[in-house]
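So you can see what is in the structure, the chains are spelled out below.
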Amino acid sequence: MAMKVIPLWTLYGLARGKATTRWCGEDAEPGQAGYLGMPRFDQAKCQQGCRECVDTCLPGAITFCPDASKQRLTVDYGRCVVCQLCVEACPTGALTSSTDWAFGSRRREDLVWTRAAASTDGMTLKREIRRVFGRSLHIRHVDAGSCNGCESELQALNNPYYNLHRFGVFFTPSPRFADLLLVTGPVTYAMRGPLLEAYEAMPDPRFVMAAGTCAVSGGTNGGGYACDNGLEELLPVDVFLPGCPPNPPAIIHALLMLLQRSPQRVQGGQIGPADEHPEDDYA
Amino acid sequence: MQFMYAWFPTGSDAPELRYVLHPGRGQTPHIWRCRSGAESPPSLAPAAPLLSWYERETTDLCGVAFRDQPVPDPLVLLPGAAAERPPLMPGPLPHLSYTPVPLPMPDLAGTTREDVQLLPFGPVRADVLESTQLAFYYIGEAILHYQPRLFFKHRGMEKRFEGLSPALGTVLAERVSGVGSVAHALAYCHALEAASRCEVPSRATWLRVLLAELERLYNHLHYLGYLCHTTTLKVGEAQGKYLEELAKQVNCQISGSRLLRGLVVPGGVRREPTLLTLAEDLVRIEHELRRYADQLAATSSHLDRLITTGVLDRQLAFDQGATGPVERASGIDRDSRRDQPYGAYDELPLSVAVRDGCDAHARQQVRVEEITHSIALIRAVLDGLPEGSLRADCRPPPGGEGLGWAETPRGTAYYAVHLDTAGRLARVKIKSPSFSNWRVFPYTVHGTNMMDYAINEASFGLTVAGCDR
Ligand code: SF4
Ligand code: SF4
């Protein structure tokens, strides 16, 4: 019986055809329609003295500057959990929902919407990864206290739709064979040790990605008696990827950014134009 | 008996214990209140075994010791962790110190120690899995004893609620167990709505059913894909995950969030979901699902691994507090959507899937049937969605309290909410279904073999985040 059934599944699989999205290189983002992402802030529409958005933001992503000569609001996307409450609270429409999904950044400061000019120097990183890894990247994932929303999206990366393997990216069980430590969650007291052990066991050069707002800044769940506030004070982080959770294209983008195959989309809190990926680069 | 917890009434250092019972179909819950004064309260675990974990948690977090607790060990705080003071006691946040303690060898009567080996896994596990430590005490292929060490992911979520405004608590409830965002938000909002006696508009209650069933849909599809992964049915795994992805894209389309976050609010739903293409998308998913489910039911290599794996008998399931598809696969006909109905469930055609196979196969069957029931419910909502407003004013009174529940894809979640005199959250107790099912699960592992373990675990569909909080 079993002998007969397995070819049936093969046939079935073939009949399903190719489910994989072309994903990179297309104009719109397939499968992401409707996504509500990080709020955009329009300085011109911000009313003086109103702090409605600040009070409604649970993870404290919005800070308010009382000095009228300066920019009034700072939105830190590294803390935002995309709950959209500020958009609802703002009486003047200065904060609006956007379809920008979360974006990776190499420097924590670049996730803060300020006027500071941001400069990034990824060229060294790029040369290093290219030199050492060639075209494939091995990831050790460590759940340091997530709500499992981030895992849900990380697991999606290997579904037939995103099919991460084709980018030359693999999850590995052993930190000894890993190039990248991908961490989710705000880091609980009990996971701090195992997390650092995994990092120590990795060969040089090793990279660290904080995936999800929790790992970037603690998000809504960090702090308290049992948690740290994300990775920043524990490990040297190479890519910060906020989002609660970051959706699969955002994770793929951040991974590719680490591999220097796509440029950073956010600098000084400003989102740049969509990337253009020459598809043959990693198809 | 469902669960128990302790809280500190405003201005008091003396904890009050609460026991929550659901006496039966159609009846409202009974709540026992108990102040024990100077003497420590007796453990009720000998009479109601499922209470054991709640009592141990209460000792860890609220500092209440129970007389004659059968297992007086810490639970939520790991061995080697010590809080300056019980974290849920009123007052400043305590410092938590921690020196990890290695897993002990248990006393196994009748076996010489040298034969028994300890195989520890985790807390960091292979692939993309949640952190938890598993200890197998085994001889050859046979597992003599199995002990999961959970709570590496304890984040102190219940404490995080304290001091927040009730509305903001919803954002937090959605982040207790991400794949149960809707149901957790619902149980939390139900508790607030009970406290404020607010009437949720009927359009909102119907939309909430739609969201909750969409959540069940993508979770159960994920479950099937992952179960196939453990039985090494590759195409079945890919197809399950593909269907899950389609369902998540539908979620995104209608709510703006692939995990359906941000729509449930106290008093109703926040905005109209985009339902334009939902009916069409459902047809597509259902069509693929039918063939997929038929294939699964006809693949003997897959079924062989499930049948008689991880047997959980009815009595054990009941005594130890199994919930959701796990209890329903052990012949217990309970579902809070029907038995303690909330929202619009009593106006909609709801069927409850029950099997008495008690094994991994029965647990799969229950899930497959629930998928079809969820699709039917979503259709019924689309067909009969009443017009009207989306949201009522929900302001729980200062000093108020409420109990709420919702049937998550993994079983019943409860939230007990107490407000302080300023109307802020004073205590939020979360009873998550995975806490219940993790307690039951080891009973199905002792005395089995290593080969079946991964399949058995997948067949329970547990989350760690919800259990550990
Ligand atoms: S959308 Fe982001 S910035 Fe706005 S309130 Fe929510 S977490 Fe804060
Ligand atoms: S970032 Fe959001 S989705 Fe990810 S673990 Fe934290 S709360 Fe969950």
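Residues numbered from 1 in each chain as written. Chains lettered and ligands numbered in written order. Predicted model: local features only at pLDDT ≥ 70, side-chain atom pairs only at ≥ 80, totals over all residues. Heavy atoms only, no water.

Draft legend 1. Local environment of the packing of helix α3 (residues 166-173) of chain B against helix α4 (residues 181-196) of chain B. Residue and element names in this part refer to chain B. One can describe the packing of α3 onto α4 by two numbers: an axis separation of 8 Å at closest approach and a directional angle of 160°. In terms of orientation, α3 lies roughly antiparallel with respect to α4. Every pair of crossing elements has a handedness; the one defined by α3 and α4 is right-handed. Residues Pro166, Gly169, Thr170 and Ala173 of α3 pack against His184, Ala185, Tyr188, Cys189 and Leu192 of α4. (Axes fitted to C-alpha atoms, helices over the stretch in contact; angles between N-to-C directions. Helix = DSSP H or I, 4+ residues; strand = E, 2+ residues; numbered from the N terminus. Parallel < 35°, antiparallel > 145°, perpendicular 65-115°, else oblique. Left-handed = near helix turned anticlockwise from the far one by under 90°. Contact = heavy atoms within 4.5 Å.)

Draft legend 2. Quick look at the side chain of Lys248 of chain B. Within the fold, Lys248 of chain B resides in helix α6 (residues 234-255). On the accessibility criterion, Lys248 of chain B (0% relative accessible area) is buried. Those residues in contact with Lys248 of chain B that lie beyond four places of it in its chain are Ser152, Glu153 and Ala156 of chain A together with Tyr218, Arg258 and Leu259 of chain B. (Buried < 20%, exposed > 50% of the residue type's maximum accessible area, 1.4 Å probe, protein only.)

Draft legend 3. Quick peek at the packing of helix α5 (residues 149-156) of chain A against α6 of chain B. Direction vectors running N to C along α5 of chain A and α6 of chain B enclose 125°, while the axes themselves pass 11 Å from each other. Considered as vectors, α5 of chain A and α6 of chain B are oriented oblique to each other. The interaxial crossing formed by α5 of chain A with α6 of chain B has left-handed handedness. Packed against α5 of chain A, whose contacting residues are Ser152, Glu153 and Ala156 of chain A, the element α6 of chain B presents Glu244, Glu245 and Lys248 of chain B at the interface. For the contact of α5 of chain A with α6 of chain B, a count of residues per class yields 1 nonpolar, 1 polar and 4 charged. (Nonpolar A, V, L, I, M, F, W, Y, C, P; charged D, E, K, R; others polar.)

Draft legend 4. Spotlight on empty space enclosed by the protein. All names here are of chain A. Evaluation of the coordinates by the stated rule reveals 9 cavities of 30 Å³ or more. A volume near 100 Å³ is recorded for the largest cavity. Around the largest cavity, the lining is made up of 13 residues, and of these Pro39, Cys57, Cys80, Cys83 and Cys86 lie nearest the centre. For the lining of the largest cavity, the residue count by class is 12 nonpolar, 1 polar and no charged. Each pocket or cavity is described by its volume, and for the second largest cavity that value is around 80 Å³. For the second largest cavity, the lining is made up of 14 residues, of which Ser146, Cys147, Cys150, Cys214 and Cys244 are closest to its centre. Secondary structure elements with two or more residues in the lining of the second largest cavity: α5 and α7 (213-217). Its residues assigned to classes, the lining of the second largest cavity shows 5 nonpolar, 7 polar and 2 charged. (1 Å grid on protein atoms, 1.4 Å probe; cavity = no way out; pocket = protein on both sides within 12 Å on 5 of 7 lines; lining within 4 Å. Points joined across faces, edges and corners; volume = space filled by probe spheres on them.)

Draft legend 5. Looking closely at the pairing of strand β7 (residues 133-139) of chain B. All names here are of chain B. Most of β7 is tucked away, with 6 of its 7 residues classed as buried. Relative to β7, strand β6 (residues 117-121) runs antiparallel, the two sharing 5 bridges. What sits directly across from Leu118, in β7, is Tyr137. Linking β7 back to strand β8 (residues 142-149) in an antiparallel pair, the connection comprises 2 residues, with Gly140 at a positive phi of about 60°. (Pairing = 2+ DSSP bridges.)

Draft legend 6. Layout of the domain arrangement of chain A. All names here are of chain A. Assigned domains within chain A: domain 1 (38-100) and domain 2 (126-263). With 9 residues of domain 1 in contact, the opposing surface of domain 2 contributes 8 residues. The contact between domain 1 and domain 2 buries some 640 Å² in all, and 67% of this surface belongs to carbon and sulfur atoms. Connecting domain 1 to domain 2 are 0 salt bridges. Applying the counting criterion to the domain 1 and domain 2 interface returns 2 residue pairs in polar contact (both at pLDDT 80 or more). Here the residues of the side of domain 1 that touches domain 2 are counted per class, giving 7 nonpolar, 1 polar and 1 charged. (Domains from an automatic or database assignment. Buried area = accessible area lost by both parts, 1.4 Å probe. Salt bridge = Lys/Arg side-chain N within 4 Å of Asp/Glu carboxyl O. Polar contact = N/O pair within 3.5 Å; in protein donor to acceptor, adjacent residues only side chain to side chain.)

Draft legend 7. Representation of the nonpolar core in the model. Counting 207 residues, the largest nonpolar core has Leu181 of chain A together with Tyr188 and Tyr415 of chain B as its most contacted members. Beyond its immediate sequence surroundings of up to four residues, Leu181 of chain A is in contact with Arg140, Val142, Leu195, Ala198, Tyr199, Met202, Phe207, Val208, Met209 and Leu235 of chain A. (Core = buried A, V, L, I, M, F, W, Y, C linked by side-chain atoms within 4.5 Å.)

Draft legend 8. Region of interest: the site of ligand 2. As a matter of local geometry, ligand 2 sits amid Ser146, Cys147, Gly149, Cys150, Gly212, Thr213, Cys214, Gly243, Cys244 and Pro245 of chain A together with Arg175 and Arg261 of chain B. At the site occupied by ligand 2, the surrounding residues belong to chains A and B. Spatially, ligand 2 is embedded in the second largest cavity. Breaking the shell around ligand 2 down by element, the ones donating at least two residues are α5 and α7 of chain A. For the shell around ligand 2, a count of residues per class yields 5 nonpolar, 5 polar and 2 charged. (Near = heavy atom within 4 Å. Sits in = over half its atoms within 2 Å of the grid points.)

Draft legend 9. Here's a closer look at the sheet that holds strand β2 (residues 16-21) of chain B. All names here are of chain B. Reading across from one edge, β1-β2-β3 is the order of the 3 strands in this open sheet, with antiparallel pairing throughout. Unpaired on one side and paired on the other, β1 (3-7) and β3 (30-34) mark the two borders of the sheet. Strand-to-strand twist across the sheet, computed as the mean angle between neighbouring axes with direction ignored, equals 20°. Across 5 bridges, the pairing between β1 and β2 is antiparallel. Paired with Met4 across the bridge in β2 is Tyr19. Strands in contact with helix α1 (residues 51-62) are β1 and β2; relative to β1, the strand with the most contacts, it is inclined by about 15°.

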